[in-house]
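# Per-entry structural report
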Amino acid sequence: MAQLFFRYGAMNSGKSIEILKVAHNYEEQHKNVIILTSAVDDRSGVGVISSRIGLERPAKAIDDETNIFDLVSKLDPHAYCVLIDEAQFLKKHHVFECARVVDELHIPVMAFGLKNDFRNELFEGSKYLLTYADKIEEMKTICWFCAKKKRR
């Protein structure tokens, strides 16, 4: 049964590299995936997922007007998985569209992003993913501040 997954973590916790890894594992088995990212994130160019270790890959950019359900239906309604980077920038309607992909197309959707901003407030996409995702997982990382503090 397909599910909506939300994997969140702090910056530098490996979210983007995890997407690239999951995509590679599916494709190695000749299974198609759809890779999406927010058009807001243009650090490496719009429509590019890039990891801090230098790996990158093109993705379809999602803007506020994008209908994810329609996009997935048009790109490949028989894909094995939809992977979304920078999911914190999704809008409420995007999260509902992801749920439709899961429920109506029976395609798992794995969304990766930050949970909250520097003021500790939830991003809109994260808020609705935390509400509607079937599975939620925190990606752990090493806190550089904590490590520096401990050495003193």
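Note: the structure precedes this text.
These remarks concern the structure in this document.

Let us now look at the overall build of the protein chain. Tallying secondary structure elements over the protein chain gives five helices and eight strands in all. In the protein chain, the succession of α and β elements from N to C terminus is β-α-β-β-β-β-α-β-α-β-α-β-α. Overall, the C-alpha framework of the protein chain stretches about 55 × 30 × 30 Å when taken along its three principal axes. Counting all 152 residues of the protein chain, 43% fall into the buried class. In the protein chain, once contacts between residues fewer than 6 apart in sequence are set aside, the share between residues at least 24 apart is 75%.

Our next topic: the packing of helix 2 (residues 68-75) against helix 3 (residues 92-105). Interaxial distance between helix 2 and helix 3 falls to 7 Å at its minimum, and their mutual angle equals 45°. Judged by the angle between their axes, helix 2 and helix 3 are oblique. Residue-level inspection shows Ile68, Phe69, Val72 and Ser73 of helix 2 in contact with helix 3, the latter providing His94, Glu97, Cys98, Arg100, Val101, Glu104 and Leu105. Among the residues forming the contact of helix 2 with helix 3, the class breakdown is six nonpolar, two polar and three charged.

So, on to the packing of aromatic side chains. The relative placement of two aromatic rings is captured by the distance of their centres and the angle of their planes. A complete count under the given rule lists four aromatic pairs for this structure. Taking 5.8 Å as the distance between ring centres and 35° as the angle between the ring planes, the aromatic pair formed by Phe6 and Tyr8 counts as tilted. Judged by relative accessible area, Phe6 falls into the buried class, the value being 0%. Taken together, a centroid distance of 5.9 Å and an interplanar angle of 75° make the contact between Phe89 and Phe123 edge-to-face. In this pair, Phe89 is assigned in the loop between strand 6 (81-85) and helix 3 and Phe123 in the loop between strand 7 (109-113) and helix 4 (124-132), connecting sequence segments 34 residues apart. On the accessibility criterion, Phe89 (28% relative accessible area) is partly exposed. Through pairs of rings, three or more aromatic residues link up here, namely Phe96, Tyr128 and Tyr132.

What the six strands build is an open sheet, ordered 5-2-6-7-1-8; its pairing is parallel. A single partner strand is all that each edge strand has here, and the edge strands are strand 5 (60-62) and strand 8 (135-139). Strand-to-strand twist across the sheet, computed as the mean angle between neighbouring axes with direction ignored, equals 20°. Examined bridge by bridge, strand 2 (residues 33-38) and strand 5 share three bridges and lie parallel to one another. By the bridge assignment for strand 5, Leu36 is matched with Lys60. Contacts between helix 3 and the sheet are confined to strand 1 (4-9), strand 5, strand 6 and strand 7, with strand 7 contributing the most and set at about 150° to the helix.

Rules of the game
- Residues numbered from 1 in each chain as written.
- Predicted model: local features only at pLDDT ≥ 70, side-chain atom pairs only at ≥ 80, totals over all residues.
- Heavy atoms only, no water.
- Helix = DSSP H or I, 4+ residues; strand = E, 2+ residues; numbered from the N terminus.
- Buried < 20%, exposed > 50% of the residue type's maximum accessible area, 1.4 Å probe, protein only.
- Contact = heavy atoms within 4.5 Å.
- Axes fitted to C-alpha atoms, helices over the stretch in contact; angles between N-to-C directions.
- Parallel < 35°, antiparallel > 145°, perpendicular 65-115°, else oblique.
- Nonpolar A, V, L, I, M, F, W, Y, C, P; charged D, E, K, R; others polar.
- Phe/Tyr/Trp six-rings, centres within 6.5 Å; stacked < 30°, edge-to-face > 60°.
- Pairing = 2+ DSSP bridges.

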